[in-house]
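Tertiary structure, described
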Amino acid sequence: MSSETSPLLNYRLYNVAGDFADSCVPPPPQEEVSISSSVSQQDDRRKLSTFFGVVVPTVLSMFSIVIFMRVGFVIGQAGFLESLLMLVVAYVIISLTVLSVCAISTNGAVKGGGAYFMISRTLGPEFGGSIGLMFFLANVCSCAVYILGLVEAILDVFGELPNAAESEPRGVHVLPQSYLYDVLYASSILLLCLLVCLVGAQIYAKTSFLIFLVVHVVLITICVSFFAVAPKTILIVQQSGNQSHSVYTNYTGFSVTTLRRNLMDEYSVDYTTNYMMTFATVFAVMFNGCTGIMAGSNMSGDLRNPSYSIPKGTVIAVIYTLLVYLLLFFLVSFTCDRMLLKGDYIFFRQINIWPPFVVIGVYAASLSAAMSTLIGASRILHALARDDLFGIILAPAKRTSKTGNPWVAVLYTWLLVQSVLFAGKLNTIAGIVTIFFLMAYAAVDLACLSLEWASAPNFRPTFQLFSWHTCFLGIVGCLVMMFLINPAYASCGIVLMLILLVVIHYRSPTSSWGYISQALIFHQVRKYLLLLDVRKEHVKFWRPQMLLMVANPRTSAQLITFINDLKKGGLFVLGHVEIGDLDMLPSDPIQPQYNFWLSLVDKLNVKAFVDLTLSPTVRQGVQHLLRITGLGGMKPNTLVLGFYDQCVPEDYFLCDPAFKDAKENDHFGVDTASLQAHFPPVRGGEAAKSLSAPEYVAIVSDALKMRKNVCLARYFFAMDRRDLLAKRRRPERVSIDVWPLDLLRPDSTAYVDICSLFLLQMACVLTMVSSWKAARLRIFLCIESGDDGWIKKEEQLRELLDKLRIKATVKIVTWDAVVVLHGQSALPGTGEGQQAAGHDAALISDDYLRAANRMVLEQAFHTAVRFLYLPRPPADPACSRRYLQQLDILTEGLGPTLLIHGLTPVTCTDL
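Residues numbered from 1 in each chain as written. Predicted model: local features only at pLDDT ≥ 70, side-chain atom pairs only at ≥ 80, totals over all residues. Heavy atoms only, no water.

1. A closer look at the confidence of the model for the chain
In plain terms, the rule: Each residue carries a pLDDT score, the predictor's own confidence in it, on a scale running from 0 to 100. Throughout, a contact is declared for two residues whenever any of their heavy atoms are within 4.5 Å.
Looking at the chain as a whole, its pLDDT mean stands at 81, while 84% of the residues score no less than 70. Taken together, the stretch residues 1–44 has pLDDT below 50 and engages in 24 contacts with residues farther than four places along the chain or on a different chain. Per-residue pLDDT stays below 50 along residues 164–171; that stretch engages in 10 contacts with residues further than four places along the chain or on separate chains.

2. Section: the sheet that holds strand β5 (residues 609–615)
Our working rule: Note: two strands are recorded as paired if DSSP finds a minimum of 2 bridges between them. Only DSSP runs of H or I covering at least 4 residues are called helices, and only runs of E covering at least 2 are called strands; the numbering of each starts at the N terminus. Between N-to-C directions, angles span 0 to 180 degrees; the directions come from axes that are lines fitted to C-alpha atoms, helices contributing only their stretch in contact.
Strand order in the open sheet formed by 10 strands is β5-β4-β3-β6-β7-β12-β11-β8-β9-β10, with mixed pairing between adjacent strands. Every interior strand has two partners, whereas the edge strands, β5 and β10 (809–814), have only one. Adjacent strand axes in the sheet meet at a mean angle of 25° when their direction is disregarded. As judged from the three bridges shared by strand β3 (residues 546–549) and strand β6 (residues 638–642), these two strands associate in the parallel manner. Note that in β6 the partner of L547 across the bridge is L639. Along the sheet, helix α22 (residues 553–566) makes contact with β3, β4 (572–579), β6, β7 (709–714), β11 (863–869) and β12 (897–901), crossing β3 at roughly 175°.

3. Notes on a nonpolar patch on the surface
Inclusion rule: Like-charged residues are merged into a patch within 9 Å and nonpolar side chains (Val, Leu, Ile, Met, Phe, Trp, Tyr) within 5 Å, provided each residue has over 30% relative accessible area and no salt bridge. Method for areas: the Shrake-Rupley scheme with a 1.4 Å probe, in which residue coverage is limited to the protein chains shown. By definition, a salt bridge exists where a carboxyl oxygen of Asp or Glu is found within 4 Å of a side-chain nitrogen of Lys or Arg.
Together, W453, W468, F472, L473, V476, V480 and L484 give the surface a local cluster of nonpolar side chains, amounting to about 650 Å² of exposed area. With six residues, helix α19 (residues 468–485) is the single largest residue contributor to the nonpolar patch.

4. Section: the pairing of strand β9 (residues 776–783)
Spelled out, the test is: Categorising residues by exposure relies on relative accessible area from a 1.4 Å probe, with only protein chains included: less than 20% of the type maximum marks a residue as buried, more than 50% marks it as exposed, and the intermediate range marks it as partly exposed. Orient the strands so they point away from the viewer, and a crossover whose first-strand-to-second-strand path over the helix runs clockwise is right-handed.
The element β9 is largely enclosed, with a buried count of seven among its eight residues. Two strands pair when backbone bridges link them, and strand β8 (residues 735–739) and β9 are joined in this way by four bridges, in the parallel orientation. Residue pairing across strands places S735 opposite R776, the latter belonging to β9. In the sheet, β9 pairs with β10 via six bridges, with the strands oriented parallel. By the bridge assignment for β10, I783 is matched with T814. Crossover β9 to β10 through helix α32 (residues 790–803) is right-handed.

5. Thoughts on the environment of L384
The residue L384 is located in helix α16 (residues 356–386) in this model. The residues contacting L384, other than those within four sequence positions of it, are Y116, G129, G132, L133, L389, F390 and L394.

6. A word on the packing of helix α7 (residues 125–158) against helix α17 (residues 407–420)
Inclusion rule: For classification purposes, an angle smaller than 35 degrees is called roughly parallel, one larger than 145 roughly antiparallel, one from 65 to 115 roughly perpendicular, and anything else oblique. Each crossing gets its handedness from the near helix: less than a right angle anticlockwise from the far helix is left-handed, clockwise is right-handed. Under the scheme applied, nonpolar residues are Ala, Val, Leu, Ile, Met, Phe, Trp, Tyr, Cys and Pro; charged residues are Asp, Glu, Lys and Arg; polar residues are all the others, including Gly.
Closest axis-to-axis distance for the α7/α17 pair is 9 Å, and the angle between their directions is 55°. As far as their axial angle goes, α17 and α7 are oblique. Crossing hand, α7 versus α17: right-handed. Of α17, the residues touching α7 (which contributes F136, V140, C141, C143, A144 and I147) are T413, L416, V417 and V420. Taken together, the residues that form the contact of α7 with α17 break down as nine nonpolar, one polar and no charged.

7. Some details on the nonpolar core
As a reminder of what qualifies: Buried residues of nine kinds, namely Ala, Val, Leu, Ile, Met, Phe, Trp, Tyr and Cys, make up a nonpolar core once their side-chain atoms join them within 4.5 Å.
With 165 residues, the main nonpolar core has F68 and F226 as its most contacted residues. For this core, the leading source of residues is α7, giving 19 residues. Among the nonpolar cores identified, the runner-up in size contains 64 residues, and V606, F679, L801 and Y869 belong to it.

8. Quick look at unusual backbone geometry
Where the residue is not glycine, phi is negative for most of them; where a peptide bond is considered, it is trans in most cases. The residue N605 is not glycine, and still its phi comes out positive at about 60°. By the element assignment, N605 lies in the loop between α23 (594–604) and β5.

9. Section: the pattern of salt bridges
This model, assessed by the stated rule, comprises 12 salt bridges. The shortest N-O distance in the salt bridge between R798 and E794 comes to 2.7 Å. Of this pair, R798 and E794 both sit in helix α32, four residues apart, which is roughly one turn of the helix. D847 serves as the salt-bridge partner of R850, at 3.5 Å between the closest nitrogen and oxygen.

10. Considering the packing of α16 against α17
Contact geometry of α16 with α17 gives a least axis separation of 8 Å together with a crossing angle of 120°. Considered as vectors, α16 and α17 are oriented oblique to each other. Here α16 and α17 pass one another in a crossing that is right-handed. The segment α16 lies against α17, with L374, A377, S378, R379, L381 and H382 engaging A409, V410, Y412, T413, W414 and V417. Of the residues assigned to the contact of α16 with α17, the class counts are eight nonpolar, three polar and one charged.

11. Digging into the state of the cysteines
Here a disulfide denotes a covalent bond joining the sulfur atom of one cysteine to the sulfur atom of another. Basically, it comes down to this: Disulfide: a pair of cysteine sulfur atoms within 2.5 Å of each other.
Summed over all chains, the structure comprises zero disulfides. Left without a disulfide partner, C711 is nearest to the cysteine sulfur of C755, which lies 9.4 Å away.

12. Let's talk about α19
Just so we agree on the cut-off: Take the number of residues in a helix, subtract one, and multiply by 1.5 Å to get its expected span. It is the directions from the helix axis to the C-beta atoms whose arc is reported.
Taking 1.5 Å as the rise per residue, α19 with 18 residues should run 26 Å; its terminal C-alpha atoms sit 26 Å apart, in good agreement. Residues T470, C471, G474, I475, G477, C478, M481, M482 and I485 constitute the buried set of α19. The arc that holds the buried residues of α19, viewed along the axis, is 165°, so those residues lie on one side.

13. Section: the pairing of β12
A large share of β12 lies buried, amounting to five of its five residues. Neither face of β12 is left uncovered, since the one carrying T897, L899 and H901 and the one carrying L898 and I900 both have all their residues buried. As paired strands, β7 and β12 are joined by five bridges and run antiparallel to one another. Looking at the pairing, A713 lines up with L898 of β12. As judged from the four bridges shared by β11 and β12, these two strands associate in the parallel manner. Bridge assignment links F867 to a residue of β12, and that residue is L898.

Shown next as structure tokens:
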């Protein structure tokens, strides 16, 4: 390989290995130095290993206060069997989510933001932002839960016991208790956590490891105590409001009788909240001990190798904590009286070989969990702020210290946690925390499920122990448990998420993260296109599928909008032919133009595809598009061309405010100024220079040979759609006029041939569009004074309209003054008229055409658009100019007019 290409290859190798999620397009080689420096700077901030960055915070968050202060509560209320069921359900849910987390985190580079980063980069900014904010709020509430639990533990040991009996121990009960005092204690602890988190993730990691050691020392002493401490009677003091009372209960040691008594549930009033407990409320409290699985993911911005550390560390932490919980549930159920479990949530202190051990463990675990969720929530908020999903509200949260610590996001989080602390009691907000976490877990499972279902080639995680079944079960499990815990909270949470989703969708710019929705749509559309079999087409379900050829959208914008109305849910493609020869060009000039055309579609707010081609001539280019545009059963059946004349319409880009005044950038980098610069200004005679009359007529002939219906559109640059919509609010209604007779063959009496019915169908389709429903459909029946059969013709036409379910007014027009001019030589003294279109064109004089034109114009009554019969073009190319001249005279000054020649049956009277 040459030396010139090696820097690019090196960058590509790095991109695949370490930063695949950022970009699929490598920058030029000269940018390699700046990229390398930024990467090294980023790596300097990523210092945490798997153990310190994932295992330690995850284990501490999953233990938190639940393992010390709520194990007895769960078994005392739910019993040993239901407690095991709760534990199994909780760990099944989180295990399924962990599998999804592992899959996503091993599919590319994971940056700061943890679960939010993974969801947003997978599902897009709407889902990512809404779920990210919900996950942030879950961590905020969770931090408050841990702090309130710590306050509860402190007051159990040091709190005053008002109105207590004289025999009750009072030695250390010195702290006053009330609602305001509880908030004060909680705020002081939160301030301590804030100070540690402001220093940064590294000091937190060191602190958390010390706490990790302390917690495990305490757990060892608890397990030893079950074997070492002899059975004894224990005095517990319960406080309810300002009253307290003493109860004597037993620690029985290992006893089968105690296990039998603790097997079944016995729900009662929780002494901390005075609320009656149920399976759902107890599960909500217990599930808080399992919500720490994202603690390691939240530290993704500080991990040395997040794609390796997150899956490995999280799986280890989940398995380890499950084993510890199972062991404690078993030991507690075998040894402790139910009254002890329900009356003293910190009973481990009463039965420990050295009671202060448990107090130290509770304080350490609670502090660690609070700091973990506080710093994790701040990282999520910082990631949300960096992505500009909530605008100026979170803009200050982007700021970081020199070491990369998002200190402003930490302050934001601290303020929110402080506000939640006013709830006062742990069990009060446990349900809300659980709902938020379950929603976040369901979103992670949904992200992984979407990636799996989309079958995108770039979704190839190194972690393979998952499938769409595990993702789906994880989603179902989360949703079911949400509504079992609290239907009201679950409903409010979903509504809040949907509101956030809509807000972000309308206010945030389009991201470059990639949209899983596009991959899913592609996957499903491909399936349905294969099912759309052209052999099964039926006239009952026919719809127009339009290919509109556009030379310059500056002069065709109104026509594009009109055809968008006319498509009736069918395919609409904007086609454009660029003149050129690929053999003579260094690269394809077509591909860079697609963004401009797609931005034009966005600006005009039409539902259209874009198809461009490069060809030596316009005729060949149109042939290419007619053959290859579309896919499977979705291919254009109707070609729409602008009329061939010398009109120079006004420049739409200079008249419409959307193009004239707009300054905002397009979502994909094409701003309004660039869009205007791309399409050339309007110049007179442009049509004649780029396309000759014989070539134009040949395009029409080619389309008819290829069994495509043809529409020629004239004067649509004069259509003011806004004015037409305004007329709907006036007493007069606009009209849609249909002339189903071939005016170039006045001797024809066929009002019901295929082409005439095609005209009726297209006009009827237009009236079915919401903005055109108020328009009147008028059909004109031309008769001669001496024709006695016109009544029968009218009856037949009305009967046909009735069978076709078309509501229209039939207008009788006497055209003697027009017919009398038929038969004069078109061009006296020359033979050109005799060689015309092949249907007595020599009999069609200019005077006849002008008379027919006046007749159509005289019948106008607030006419918005006219549908006229388009005769077949002449077979002889030499007659092309005369053919176009006839159409020009016939439609001159008529306003927006559509000349249509239909080849395919489009109406059906059968059910």
